[in-house]
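# Results of the structural survey
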Amino acid sequence: MGKTRNRVVAFFLAMCMLLSVGAVFGSQPAEAAKKPKLSAKKMTVYIGKTKTLKVKKNGTKTIVKTSWKVSNKKIVTLSKKKKTSVKLKGKKTGSTKVKAVVRYRRKGTKKVYKTTLTCKLKAEVYVSPAAKKKANVKKATTQYSSLAKLAEKHGMKLGTVVNYGYMSDTNYKNLVKYHFNSLTAGNEFKAYSLLDQQKSAQNKDGMPVMNYAMADAIMDFAKANGIKIRGHVLVWHAYMSDWFFREGYDQDKKYVSKAVMQKRLKYYIQDVITHFEKKYPGVIYCWDVVNEAVADSSVGNDKRNLRTDNQFYQILGSDYVEQTFLYAKDVVEDLGADIKLYYNDYNAFFAAKREEICNLATSINSYVKDDSGQYRKLCDGIGMQGYIGGYGTQTGCMNEAQIPLIKTAIEKYASLGFEVQVTEMAVRNYSGSTKNMKTHAEFYKKLFQMFIGINTGEDKPLKAVSIWGLFDDPTLTQGSYGYSMNGPYCGLFDELYGVKDSFKNVYSVLK
Ligand code: GLA
């Protein structure tokens, strides 16, 4: 009896040792741990359409045989059953699963192993992305009041971005005209888009010639739907055609003199502001006159800390921003137009840059005096670009500590007599996980609570918030400019224009 018991104990101990050795070193060599897998664990199959499910070797040597079986043949049927793939066809709306019993060989052995793999299946009627967008837009515009109308109660416009391509997207147009009352064109109003090199070079009087066709298409849409436009932007050193600064508008010739450049720029500004105001009176309610003139790192003793490495600065001189505002103000006053003039920049809520922008804006407004000896207010407002969060990386995104910084900046600009807009806003987010989407919605809620808090008094300094990161775009590839600028999951709407929790939170804060 005692002996038998000892043997049992010894056997038990030996087994324990074996198991624990296995646990430490891996009970099987690495090769052996590998198993084939299916190309998907979950799949949606459309009624009447076929999809392929594959068996992947996943580091094993060969697939010997696979037997396929679906749990409910009324929902999905199988055909072309091969050892490495099967065709699935949707029959009826519902859920089921497909089971694959796979026999395979591992590397270094002739033995045949067996594993059972499953994939969950959902069969549904196919709806094209365009039809989904249409249905989502319908929901967003019938189940909710207009965001812009709600924002109006807080003294601000609600804006978004538009480009020429969107003019043929009915779903986009329907969504935007319902929820927004301010539009900014991504690029179509910038000098590099408007300037026509060939015609400028041929022009007898030496002044530049513009092509307004694409910008006008956007103006037509805005006018027809009672939406206002932020003119963006008259002078920006980036995205600029170098030939504009050269003799005969010829890339191969030398740069023109300051006097010639002043004449060209003055003419350009006059023509652009006048064209839109005459053809579409009152549609443009503000212009970004100069964009991003302030440098990121310190460039010297200039309190405005201007970038110097561009032709505007180098040809027109260190007061090119002030000159540009003067040209623009003169045109607006001559036209008697109700157009506010803005200076627009990014990182405008970080203390150092904020102070430099304040210095620049103050300098613009103490540049020239009127007949009664008072300084002319050439700059009416500050546009704070609203890219919030890490550039191209999740680190630093949706950091609530930035909300008070934005608030302080708005208050600071307002205290100097400027109106303020948050322009080009994207609450960056690089992950579509449930957790991140929740944090994104929460961040948006706190941000808009702060915005409406700023405007509770009489002054209402925050005139508009323009959301540029309006839709998710999971197709953006990491490292691309669009990916880094906005983040693929920055939207109030998903990629099929469906409302996200971020939209719902903005909605309930404004309501
Ligand atoms: C700046 C400009 C915008 C746009 C972005 C890039 O912020 O002001 O008009 O060009 O860069 O998307």
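Before reading further, recall that the structure is shown in the block above.
Below is a short write-up of the structure. Sequence positions are assigned chain by chain, starting from 1 and proceeding in written order. Two thresholds apply to this predicted model, a pLDDT of at least 70 for residue-level local features and 80 or more for giving and counting side-chain atom pairs, whereas whole-chain, interface and lining totals are computed over all residues. Note that the side-chain values use all heavy atoms of the structure and ignore hydrogens as well as water.

Once that is clear, we can look at the overall build of the protein. Every helix listed is a DSSP run of H or I at least four residues long, and every strand listed is a run of E at least two residues long, numbered separately from the N terminus. The number of helices and strands found in the protein is 16 helices and 16 strands. C-alpha atoms define the radius of gyration in this analysis, and the globule rule sets the expected value at 2.2 Å times the number of residues to the power 0.38. Over its C-alpha atoms the protein spans a radius of gyration of 31 Å, topping by over 25% the 24 Å that the globule rule assigns to 511 residues. Oriented by its inertia axes, the alpha-carbon framework of the protein measures out at about 120 × 55 × 55 Å. Put simply, of all contacts in the protein between residues at least 6 apart along the chain, 70% involve residues at least 24 apart. Looking at the protein as shown, the accessible area adds up to about 25000 Å², and 52% of this sits on carbon and sulfur atoms. Any two residues whose heavy atoms approach within 4.5 Å are treated as being in contact. Only the protein chains shown count as cover for residues, and all accessible areas are computed by the Shrake-Rupley method using a 1.4 Å probe.

So, on to the nonpolar core. What we call a nonpolar core is a set of buried Ala, Val, Leu, Ile, Met, Phe, Trp, Tyr and Cys residues that are connected through their side-chain atoms within 4.5 Å. Buried, partly exposed and exposed residues are distinguished by accessible area as a fraction of the type maximum, computed with a 1.4 Å probe on protein chains only: under 20%, between the cut-offs, and over 50%, respectively. In terms of nonpolar packing, the biggest core is built from 117 residues, with Trp287, Met425, Phe448 and Phe451 touching the most fellow members. Not counting residues within four places of it along the chain, the set of residues in contact with Met425 comprises Gly386, Ile388, Tyr444, Leu447, Phe448, Phe451, Val465, Ser466, Ile467, Trp468 and Gly469. If you look at the next biggest cluster of nonpolar residues, it comprises 23 residues, including Leu78, Val86, Leu88 and Leu121.

The next thing to look at is the sheet that holds strand 11 (residues 228–236). In this analysis, strands are considered paired if DSSP registers two or more bridges between them. Taking strand neighbours around the barrel as the criterion, the eight strands line up as 9-10-11-12-13-14-15-16 in a closed arrangement whose pairing is parallel. Going across the sheet, the axis of each strand differs from the next one's by a mean of 30°, ignoring polarity. For helices, the fitted line uses only the C-alpha atoms of the stretch in contact; every axis is such a line through C-alpha atoms, and the angle between N-to-C directions lies from 0 to 180 degrees. In the packing of helix 5 (residues 170–179) onto the sheet, contacts are made with strand 9 (157–162) and strand 10 (182–185), and the angle to strand 9 comes to roughly 160°. Contacts from helix 13 (residues 402–415) reach strand 14 (381–388), strand 15 (419–427) and strand 16 (462–467) within the one sheet, and its direction differs from that of strand 14 by about 170°.

What follows is about the packing of helix 14 (residues 434–454) against helix 16 (residues 501–510). Viewed as axis vectors pointing N to C, helix 14 and helix 16 meet at an angle of 25°, and their least axial separation amounts to 8 Å. As the angle between them shows, helix 14 and helix 16 are arranged roughly parallel. Considering the relative orientation of helix 14 and helix 16, their crossing is right-handed. On helix 16, the residues touching Met437, His440, Ala441, Glu442, Tyr444, Lys445, Phe448, Gln449 and Ile452 of helix 14 are Asp501, Ser502, Asn505, Val506, Val509 and Leu510. Charged residues are taken to be Asp, Glu, Lys and Arg, nonpolar residues to be Ala, Val, Leu, Ile, Met, Phe, Trp, Tyr, Cys and Pro, and polar residues to be all remaining types, Gly included. For the contact of helix 14 with helix 16, the class distribution of residues is eight nonpolar, four polar and three charged. When an angle is under 35 degrees it counts as roughly parallel; over 145 it counts as roughly antiparallel; between 65 and 115 it counts as roughly perpendicular; any other value is oblique. Each crossing gets its hand from how the near helix is turned against the far one by less than a right angle, where anticlockwise is left-handed and clockwise is right-handed.

A cis amide bond links His232 with the next residue in sequence, Val233, at an omega value of 15°. Even without a glycine there, the phi angle at Asn58 is positive, about 50°.

Let us now look at the pattern of salt bridges. Within this document, salt bridges are pairs made up of a side-chain nitrogen of Lys or Arg and a carboxyl oxygen of Asp or Glu, the two lying within 4 Å of each other. Enumeration over the complete set of coordinates arrives at 21 salt bridges. Ionic pairing is found between Asp250 and Lys253, a salt bridge with its closest N-O pair at 3.8 Å. Under the relative-accessibility criterion, Asp250 is labelled partly exposed at 25%. Here Lys253 falls in the partly exposed class, since its relative accessible area comes to 41%.

A separate point is the layout of surface pockets. Both site types are read off a 1 Å grid over the protein atoms alone. A 1.4 Å probe that fits but cannot get out defines a cavity, while an open set with protein on both sides within 12 Å along at least five of seven lines defines a pocket; lining residues have an atom within 4 Å of a point. Grid points are joined across faces, edges and corners, and a volume is the space filled by probe spheres set on the points. Put simply, the largest pocket is a space of about 1100 Å³. In terms of lining, the largest pocket is formed by 45 residues, of which the most central are Tyr387, Trp468, Tyr481, Met485 and Asn486. Of all the secondary-structure elements, those providing two or more residues to the lining of the largest pocket are strand 9, strand 11, strand 14 and helix 15 (481–486). By residue number, the principal contributor to the lining of the largest pocket is helix 15, which donates four residues. Here the lining of the largest pocket is composed, by residue class, of 20 nonpolar, 16 polar and nine charged. Taken as a whole, the second largest pocket holds about 230 Å³ of empty space. If you trace the second largest pocket, you find it lined by Gly155, Met156, Lys157, Glu277, Gly282, Ile284, Tyr285, Asp338, Ile339, Lys340, Glu419 and Lys463. Per-class residue counts for the lining of the second largest pocket are four nonpolar, two polar and six charged.

Let us now look at the site of the ligand. Any residue with a heavy atom positioned within 4 Å of a molecule or strand is treated as near that molecule or strand. Around the ligand sit 13 residues in total, of which Lys190, His232, Asn291, Gln385 and Glu424 are the nearest. The definition of a polar contact used here is a pair of N or O atoms within 3.5 Å, where within protein one atom must be able to donate a hydrogen and the other to accept one, and adjacent residues in sequence count solely through side-chain atom pairs. Within the side chain of Lys190, an N or O atom sits 2.7 Å from an oxygen atom of the ligand. The separation between an oxygen atom of the ligand and a polar side-chain atom of Gln385 is 3.0 Å. Contact with the protein chains covers 89% of the free accessible surface of the ligand, which is 300 Å². A molecule is said to be in a cavity or pocket once over half of its atoms fall within 2 Å of that pocket's grid points. Of all the cavities here, the one that holds the ligand is the largest pocket. Class assignment of the residues belonging to the shell around the ligand gives a composition of six nonpolar, four polar and three charged.

By convention, a stacked pair of Phe, Tyr or Trp rings (six-membered ring in the case of Trp) has centres within 6.5 Å and planes under 30 degrees apart, an edge-to-face pair has planes over 60 apart, and any other such pair is tilted. Going through the model one piece at a time under the given rule, you end up with 27 aromatic pairs. Here the aromatic cluster, defined as three or more aromatic residues joined through ring pairs, consists of Tyr144, Tyr166, Tyr172, Phe471, Phe493, Tyr497, Phe503 and Tyr507. The ring of Tyr113 has Arg106 sitting right over it, with the charged end atom 3.5 Å from the ring centre. Any Lys NZ or Arg CZ that is within 6 Å of a ring centre and within 35 degrees of that ring's normal is treated as a charge sitting over the ring. A cation over a ring is seen here: Lys157 above Tyr285, with NZ or CZ 4.7 Å from the ring centre.

Here we have four strands laid out as an open sheet, ordered 2-8-7-4, and mixed in their pairing. Of all the strands in the sheet, just strand 2 (42–46) and strand 4 (62–70) have a single pairing partner and so form its edges. The mean angle between the axes of side-by-side strands here comes to 30°, regardless of whether they run parallel or antiparallel. For strand 2 and strand 8 (residues 112–124), the ladder comprises five bridges, and the chain directions are parallel. Note on strand 8: the bridge partner recorded for Tyr46 is Glu124.

Turning next to the packing of helix 9 (residues 258–279) against helix 11 (residues 320–335). Here helix 9 crosses helix 11 at 35°, and the two axes come no closer than 9 Å. Helix 9 and helix 11 meet at a crossing whose hand is right-handed. Residues Lys258, Gln262, Leu265, Lys266, Ile269, Gln270, Ile273, Thr274, Glu277 and Lys278 of helix 9 pack against Gln323, Thr324, Tyr327, Ala328, Val331, Val332 and Leu335 of helix 11. Residue composition of the contact of helix 9 with helix 11, by class: eight nonpolar, five polar and four charged.

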